[in-house]
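Given next are the chains, with one letter for each unit.
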Amino acid sequence: LNEEELYRPNYHFTPENNWMNDPNGMFYLNGYYHLYFQHYPDGNTWGPMHWGHATSLDLVNWKEQPIALYPDSLGYIFSGSAVVDYNNDSGFAKEGKPVVVAMYTYHDPVGEKENTNTYQTQGIAYSQDEGLTWTKYEGNPVIKNTGIKDFRDPKITWDSFRDKWVMVLAAGQETQFFESSNLKEWTFLSSFGEGIGNHNGVWECPELIPFQVEDSEEVKWVLLVSINPGGPNGGSATQYFVGDFDGKKFSVDPAFKLAMQEDHNFWVDLGKDNYAGVTFSNTPASDGRKIFMGWMSNWQYANKVPTEKWRSTMTIPRELTLEKVANTYRLYSNPVKEFEAHYGETDLSWEKRTFKNGESLLDENKIDLSKARISFNLPDANKNFTFVLKNKVGDSLKFGYEAAKRSFFIDRKKSGIVDFNKSFADIKSVAPRISTSGEIQVELLLDKTSIELFYDKGETVMTEIFFPKEPYKDLIITGLDEGLLIENLTIDQLEFKQ
Ligand code: FRU
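A quick note: this is a predicted structure, and the numbers were derived from the prediction, not measured.

Peer 1: What should I look at first to understand the site of the ligand in this one?
Peer 2: Taken together, Asn21, Asp22, Gln38, Met49, Phe78, Ser79, Thr105, Arg152, Asp153, Glu204, Cys205 and Ala276 make up all the residues around the ligand. Contributions of two or more residues to the shell around the ligand are made by strand 1 (18-29), strand 5 (76-85), strand 9 (151-159) and strand 13 (202-212). Class assignment for the residues of the shell around the ligand results in 4 nonpolar, 4 polar and 4 charged.

Right under this line is the structure:
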């Protein structure tokens, strides 16, 4: 099998050619979801950054579009966001059509070489044709740098409580908040981050999101902050804070702060491959969903993963919700509901069964594991389990639960090609279980090179990539405790019409 057949995902976004990292500028307008992304169109490793572009009607099928933003005399185009300016606050709208305004970081490679501390500034651009083509604002940069080396990744949010635009960006190991009434002039409000959260790396790609807490009228604000390195299983990862925003300052909720001190386990995803994720702006008011997408890689090895034609993939879009759990708040992620339309006729299902160690779940060849969704319940959370994906050449990917440690794991040490970087598979990734329920619920999505695991209704999430030398064909249960009962195990074949 060639690289295309073996590794090009069935339903995850990849650029047709060359390098991609962070998702950027995601928004929804007139039926279309827009995804921009950090892109180097002239090479398959990181280089001078552009914004690539892709669109989707259903968050599942993506169509790549022409490049949206090219570097210019102010620098490369680093990460940022976009909003639909329905009220024309910016004055950029034409002929009454909604204008889209993007804000991004200029990274000036000359200033970087000269070792200045001021080479990252913020610029804006606008689109009068629903995100297809962009005009850069002649007044750029709109935010200059006062001497902070890492000063980037502006994410704009509409503060509907105070009717103004609010923006958060990363500044060293903190975030800074700004406000604006016209998206062009920005006023500094406050900074956040000193002495709280994980500081084992640089803070990147923050986002401030208002949530209505599930089953309540309460509003809480979540601050996402990606960090690299310093992730719980090494390298890049995204932490989150829950608190309040009064229009000027973000302050962490006292109960959340306490829980953080005890537990530290406030990560969007505890697998190694979900970074720099943020949500779409302007999702339809009728559903108001917070739809999140991340870059499915890790800076430890992103430039080395064994694909040549393109490099890197996005996660599937996930819906984020905020729940009150045991005196604190927890962020949940689940696959967007649009995937349900792609479940084929259920191929295999068992209502209640005790499995034998080593038992195969597949009637070989019946199910294509490179596009499958699996779900099941374990009625006894005190028992271990391991699932193994296998092929004929001896590659195997393991995932499961260790009851004594109360943690989920993914082990890709023998998953196929792993030797391109020592951090790729040196340890097995571990995610401490949050839920204390006696029953574990599991949902997972498999593609050719990825597994996305959603435990306990999305309370603990693990996303990882892998590169088997041949496709995995079998799925085996091992490491079972005596009498482990599995309920409602279903394997759906995902179907995508071309
Ligand atoms: C995160 C990041 C951002 C930056 C971009 C550069 O992965 O480092 O902070 O804007 O990538 O490509």
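Peer 1: What is the right way to look at helix 3 (residues 254-263) in this model?
Peer 2: Along an α-helix, residues three or four apart share an orientation, since each turn contains 3.6 residues. All of the buried residues along helix 3 are Phe256, Ala259 and Met260. Burial along helix 3 is one-sided: seen end-on, the buried residues are contained in an arc of 105°. Opposite the buried face of helix 3, at more than 90 degrees from it, the exposed residues are Pro254, Gln261 and Glu262. Tucked into the core, helix 3 has its buried residues touching strand 15 (237-245), strand 16 (250-252) and strand 21 (328-335).

Peer 1: Explanation requested: the pairing of strand 13 in the structure shown.
Peer 2: Each regular strand carries side chains that alternate between the two faces of the sheet. Two strands pair when backbone bridges link them, and strand 13 and strand 14 (residues 219-228) are joined in this way by 9 bridges, in the antiparallel orientation. In the sheet register, leucine 208 faces strand 14, and the bridge partner there is leucine 223.

Peer 1: Help me understand the pairing of strand 28 (residues 429-432) in this model?
Peer 2: Going residue by residue along strand 28, you find Ser429 and Ala431 tucked away on one face and Val430 and Pro432 left uncovered on the opposite face. Bridge analysis of strand 27 (residues 407-411) against strand 28 gives 4 bridges, and the strand direction is antiparallel. Bridge pairing in strand 28 places phenylalanine 408 opposite alanine 431.

Peer 1: How do you make sense of the environment of serine 180 when you look at a structure like this?
Peer 2: Assignment of secondary structure puts serine 180 in strand 11 (residues 174-180). Setting aside chain neighbours within four positions, we find serine 180 in contact with Trp165, Met167, Glu185 and Trp186.

Peer 1: Even after reading the chapter, I still don't get the domain arrangement of the protein chain, so can you show me in this structure?
Peer 2: Interfaces are frequently sized by the accessible area removed from exposure as the parts join. Each assigned domain of the protein chain is listed with its residue range as follows: domain 1 (9-335) and domain 2 (343-494). Relative to domain 2, the C-alpha centre of domain 1 lies at a distance of 30 Å. Domain 1 puts 29 residues into the contact, and the matching count from domain 2 is 32 residues. Class assignment for the residues of the side of domain 1 that touches domain 2 results in 10 nonpolar, 14 polar and 5 charged.

Peer 1: I keep staring at the confidence of the model for the protein chain and nothing clicks. Help me out?
Peer 2: The pLDDT averaged across the protein chain works out to 96; a share of 99% of its residues lies at or above 70. Confidence scores differ between elements of the protein chain, with strand 22 (residues 343-354) showing the lowest mean pLDDT of 86 and strand 2 (residues 32-40) the highest of 99. Confidence metrics for the complex model read pTM 0.97 and ipTM 0.99.

Peer 1: Quick question: what am I supposed to make of the nonpolar core here?
Peer 2: Within soluble globular proteins, side chains that are nonpolar generally end up buried alongside one another. Judged by nonpolar contacts, the single largest core of 129 residues is most densely connected at Val101, Ala102, Met167, Val222, Leu223 and Tyr240. Ranked by residue count, the leading element in this core is strand 10 (residues 164-171), at 7 residues. Looking at which domains feed residues into this core, each of domain 1 (9-335) and domain 2 (343-494) supplies at least three. Other than its neighbours up to four places away in sequence, alanine 102 contacts Gly25, Gly80, Ala82, Ile124, Ala125 and Trp134.

Peer 1: Help me understand the sheet that holds strand 22 in this model?
Peer 2: By way of backbone hydrogen bonds, the strands of a sheet pair with one another, either parallel or antiparallel. Read across the open sheet, the 6 strands follow the order 22-33-24-29-30-31; overall the sheet is antiparallel. The sheet terminates laterally at strand 22 and strand 31 (460-465), the two strands that pair on one side only. Strand-to-strand twist in this sheet, taken as the mean axis angle between neighbours without regard to direction, amounts to 10°. In terms of strand pairing, strand 30 (residues 450-455) meets strand 31 through 6 bridges, oriented antiparallel. Pairing of isoleucine 451 across the sheet is with glutamate 464, part of strand 31.

Peer 1: In this structure, what is going on with unusual backbone geometry? I would like to understand it.
Peer 2: Glycine aside, negative phi is the norm for most residues, and most peptide bonds take the trans geometry. For the peptide bond that leads from asparagine 140 to proline 141, omega is -5°, which places it in the cis range. For proline 141, the position within the fold is in the loop between strand 8 (135-136) and strand 9. The phi torsion at asparagine 115 lies on the positive side, around 60°, for a residue other than glycine. Structurally, the position occupied by asparagine 115 is in the loop between helix 2 (109-113) and strand 7 (120-127). For asparagine 115, a count of 8 C-beta atoms within 10 Å puts it in the exposed group.

Criteria and thresholds
- Residues numbered from 1 in each chain as written.
- Predicted model: local features only at pLDDT ≥ 70, side-chain atom pairs only at ≥ 80, totals over all residues.
- Near = placed C-beta within 6 Å.
- Helix = DSSP H or I, 4+ residues; strand = E, 2+ residues; numbered from the N terminus.
- Nonpolar A, V, L, I, M, F, W, Y, C, P; charged D, E, K, R; others polar.
- Buried ≥ 20, exposed ≤ 12 C-beta atoms within 10 Å, placed from the backbone.
- Arc of directions from axis to C-beta.
- Contact = placed C-beta atoms within 7 Å.
- Pairing = 2+ DSSP bridges.
- Domains from an automatic or database assignment.
- pLDDT = per-residue confidence, 0-100.
- Core = buried A, V, L, I, M, F, W, Y, C linked by C-beta atoms within 7 Å.
- Axes fitted to C-alpha atoms, helices over the stretch in contact; angles between N-to-C directions.

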